[in-house]
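A look at the structure
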Amino acid sequence: MIDPYFYRNHLARRYYLDHANLKHKDFAAWDHKIQVIYGLVALATAVSALLFFGALGGRFPSVYARIFETLFLSSLVAIAVFVFVVARGRRRFRELWDQRNGFSAYKQPDA
C-alpha cells in the first residue's frame, strides 16, 4: 500500500534541499551542519534519559543517579539553547539575503 502523505512529504523535503543547495549554498552548508549537531543533541538526550530513568528504576547503583540526572537536565538545557541558536541563525541568513536582494517575502510592502 502506498502512503501518499509520505511521498508528498518526501518530495517537499527534496525540493527544499535542492533549492537550498542551488540558490543558497552558504545556508545549505550551515543547515546541514546544524542538522548533524541537532541529531547528536537528540541522541545525547535519549541516552541520558535512558540512563537517568534506569537509575531511578534501580538498574544502576544510586550513586550514579545524581550524575545521570545532571546529564539529563543539561541535555534538556542544550536543546533549549540549540533551538534559540537555530532561530537566530535562520533570522540572520534571512536578513542577509534581504540586504543583498532588497526583497523579503515575509514583510509587507510600504503603502
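Residues numbered from 1 in each chain as written. Predicted model: local features only at pLDDT ≥ 70, side-chain atom pairs only at ≥ 80, totals over all residues. Heavy atoms only, no water.

Before going further, it helps to spend a moment on the packing of aromatic side chains. On inspection of all chains with the given rule, the structure shows 5 aromatic pairs. Aromatic side chains Y38 and F82 sit 5.5 Å apart centroid to centroid with 20° between the ring planes, which places their arrangement in the stacked category. Residue Y38 is found in helix 2 (residues 25–56), and its partner F82 is found in helix 3 (residues 65–101); the two are separated by 44 residues along the sequence. Classification of Y38 by relative accessible area gives partly exposed; the value is 40%. Using a relative accessible area of 10% as the deciding quantity, one classes F82 as buried. Members of the aromatic cluster, connected to one another through ring pairs, are F27, W30 and F93. A cation sits over an aromatic face here: R92 above F93, 4.9 Å from the ring centre. (Phe/Tyr/Trp six-rings, centres within 6.5 Å; stacked < 30°, edge-to-face > 60°. Helix = DSSP H or I, 4+ residues; strand = E, 2+ residues; numbered from the N terminus. Buried < 20%, exposed > 50% of the residue type's maximum accessible area, 1.4 Å probe, protein only. Lys NZ or Arg CZ within 6 Å of the ring centre and 35° of its normal.)

Below, the discussion takes up the environment of Y64. Looking at the secondary structure, you find Y64 in the loop between helix 2 and helix 3. In sequence terms Y64 and L51 are 13 residues apart; their C-alpha atoms lie 9.1 Å from each other.

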